[in-house]
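Examination of the molecular architecture
As a plain string of letters, each chain reads:
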Amino acid sequence: MNDWRTTYADKIVSVEEAVSHVKSGDRIAFSHACGEGQALTAELVKQAPRLENVEIVHMVAMSTAPYCQPGMEKHFRHNALFVGGSTRKAVEEGRADYTPCFFHEIPSLFRDGLLPIDVAFIQVSEPDENGNCSLGISVDYTQPAAETAKLRIAQVNKNMPYTYGNGINLKDIDYIVEKDEPLIELQPPHIGDTERKIGEYVASLIKDGDTLQLGIGAIPDAVLSFLGEKKDLGIHSEMFSDGVVDLANKGVITNAKKTIDQGKFVANFLMGTKKLYDFVDHNPDVLIEPADYTNDPFVVAQVDNIICINSAMQVDLMGQVNAEMIGYRQFSGVGGQVDFVRGASRSKGGKAIIAMPSTTGKTKKISKIVSLLDEGSAVTTSRNDVDYVITEFGIAALKGKTLRQRAKALIAIAHPDFRAPLIEEFERRFHCKYAQ
Ligand code: COA
């Protein structure tokens, strides 16, 4: 019997043996976010004493990222393409790095040799009848990393859903580790009154038949909660979560009006609970594809009426959006924000929305609408790209507006406690009265 079962059996090794093939100086790419093969990560850290200068490349770490713990820098250096909660301290303390990049360009960093991958640590579904495994909930840069790596080590986990639009054949895997363990989950966020108000404003810009791109967190979930009466919505996003499943089950999201990938939910990774993972498993209506397809602004532009909803740290009075830094601290990354903002601006009927609470901080004493971005922070979305900015105080539509008009529109949606100093700055900068 020389079918895929033989290939599969021949490649199974213990996790210790699989990871023993990693060498000092290698660059390893991990499956992204909730797709991370936790058994492979745990074993790599166990083998730390024999390793030096191993670079670990990935985006959002949803695991505890033990390779970022103090003392691990002798063995591992994390290169974050997006900083997450468990890797932030290491980046801040100089024990890990951040590489600025658009999500849609990450596959080409691997393919074009700017960031060549030695080893891909991937987590996959059980093989199908043709010996193809699915990359399940993390395809994004993971499939391109697996395609280009010199060595591919796969954790086969029966809990990894089989999703369409991606895959790797057993013949292209070097070592297989069988380990069934629960996937990392992201619990639905708490939606407060502020998020609900923002969600309502965002939802007011969405009409029947539109296609949505959503980021992560309370605001996207709050938006979804206002869409229960809509018809034929679609999804073309970098990710989606449990909230989308509820609207799909209600028949609100049908993808029927999409101008590309009609009838399909399209994303490149997924983060949620088992409810989401069960929904996508063997679901022919769901396509999970690499980021150089889903996030390519030229692809996004072909989705008519795409509404892209992302968030930010700060927006200054010119409309410059900082979505990733707190002063000099790299808090997160650009992710797909600019990919989708640019795609939406070229889409017929598309809208790019930056939605954020007007204030932040434990006592809500920091305004997110600011005169100047904090020293040290980066511009994520430029003032030329920005369109709608929404807070719980309303909607500022900035495209086509002068600097004076956009400053005025932004002050109107700032928290009332912070409007006076912003107005002072407006009058100083534009040599005119705000009230005129
Ligand atoms: N000044 C100082 N601190 C600020 C701040 C500001 N202007 N804005 C936010 N913060 C702090 C908050 O107080 C909070 O701190 P805490 O963790 O100590 O509580 C932290 O930053 C996160 O803020 P929060 O409002 O909870 O952020 P969020 O979870 O809604 O995420 C972004 C907001 C901007 C960080 C997030 O959307 C992001 O990373 N975007 C990346 C770009 C993007 O949109 N990509 C597309 C989707 S991946």
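Nothing here was measured: the structure is a model prediction, and the numbers come from that model. (Residues numbered from 1 in each chain as written. Predicted model: local features only at pLDDT ≥ 70, side-chain atom pairs only at ≥ 80, totals over all residues. Heavy atoms only, no water.)

1. Focus: the side chain of Q155
In plain terms, the rule: Helix and strand assignments follow DSSP, with helices taken as H or I runs no shorter than four residues and strands as E runs no shorter than two, numbered in order from the N terminus. The buried label goes to any residue with under 20% of its type's maximum accessible area, the exposed label to any with over 50%, and the partly exposed label to all in between, with areas taken from a 1.4 Å probe on protein chains only. Any pair of nitrogen or oxygen atoms within 3.5 Å is treated as a polar contact; in protein, a donor-acceptor pairing is required on top of that, and neighbouring residues in sequence qualify only through side-chain atoms on both sides. We call two residues in contact when some of their heavy atoms are within 4.5 Å.
Within the element layout of this structure, Q155 appears in strand β7 (residues 151-156). Note on Q155: relative accessible area 0%, which makes it buried. Engagement of the side chain of Q155 in a polar contact is seen with the backbone oxygen of K179, the distance being 3.2 Å. Excluding anything up to four places from it in sequence, Q155 contacts G37, Q38, A39, L40, I122, Q123, V124, V177, K179 and E181.

2. Concerning the site of the ligand
Applicable threshold: Definition of nearness: a residue and a molecule or strand are near each other if at least one heavy atom of the residue lies within 4 Å of the molecule or strand. Using the Shrake-Rupley algorithm and a 1.4 Å probe, accessible areas are obtained, with residue cover drawn only from the displayed protein chains. Note that Gly is not counted as nonpolar here; it falls among the polar residues with everything else outside the nonpolar set of Ala, Val, Leu, Ile, Met, Phe, Trp, Tyr, Cys and Pro and the charged set of Asp, Glu, Lys and Arg.
Taken together, 19 residues are adjacent to the ligand, and E238, M313, S332, Q337 and T360 come closest. Take S332: an N or O atom from its side chain is 2.7 Å from an oxygen atom of the ligand. The separation between a nitrogen atom of the ligand and a polar main-chain atom of V334 is 3.2 Å. In the complex, 69% of the free accessible area of the ligand, which totals 960 Å², lies under the protein chains. When the residues that make up the shell around the ligand are grouped by side-chain class, the tally is eight nonpolar, nine polar and two charged.

3. Observations concerning the domain arrangement of the protein chain
Note the following rule: Boundary definitions for the domains trace back to an automatic or database domain assignment. Throughout, the accessible surface (probe 1.4 Å) given up by two parts as they are put together, summed over both, is called the buried area. A pair is scored as a salt bridge if a Lys or Arg side-chain nitrogen falls within 4 Å of a carboxyl oxygen belonging to Asp or Glu.
With domains assigned, the protein chain is organised as domain 1 (3-178) and domain 2 (193-430). The distance between the C-alpha centroids of domain 1 and domain 2 comes to 29 Å. Tallying the contact residues gives 30 residues for domain 1 and 33 residues for domain 2. Taken together, the two surfaces of domain 1 and domain 2 that pack against each other cover about 2,600 Å², and 65% of this comes from carbon and sulfur. The largest contributions to the domain 1 side of the interface with domain 2 come from F103, H104 and Y164, which together make up 24% of the buried area. Counting across the interface, domain 1 meets domain 2 through two salt bridges.

4. With respect to the pairing of strand β3 (residues 76-80)
Heads up, the condition is: Should DSSP find at least two bridges between two strands, the strands are taken to pair.
Of all five residues in β3, four are buried; the element is thus mostly enclosed. Pairing analysis gives three bridges linking β3 to strand β4 (residues 96-98), with the strands arranged parallel. Across the sheet, N79 pairs through a bridge with D97, a residue of β4.

5. A short note on empty space enclosed by the protein
Threshold: The pocket and cavity definitions rest on a 1 Å grid over protein atoms only: a 1.4 Å probe that fits but cannot leave marks a cavity, an open set with protein on both sides within 12 Å along at least five of seven lines marks a pocket, and residues lining either have an atom within 4 Å of a point. Grid points are joined across faces, edges and corners, and a volume is the space filled by probe spheres set on the points.
Counted by the stated rule, this structure contains one cavity of 30 Å³ or more. When its volume is computed, the largest cavity comes out at roughly 50 Å³. What lines the largest cavity is simply Y67, C68, Q69, M72, E73, F76, R77, H78, A90, R95 and A96. Looking at which element gives the most residues to the lining of the largest cavity, the answer is β3, with three residues. Residues that form the lining of the largest cavity fall into these classes: six nonpolar, two polar and three charged.

6. Remarks on helix α7 (residues 193-203)
To be explicit about the condition: The arc in question is the one spanned by the directions pointing from the helix axis to the C-beta atoms.
Three or more residues of α7 are buried, namely E195, I198, G199, V202 and A203. Buried residues in α7, looked at end-on, bunch into an arc of 135 degrees, giving them a common side. Looking at the buried residues of α7, the elements they touch are α8 (218-224), β16 (306-310), β21 (351-355) and β25 (388-391).

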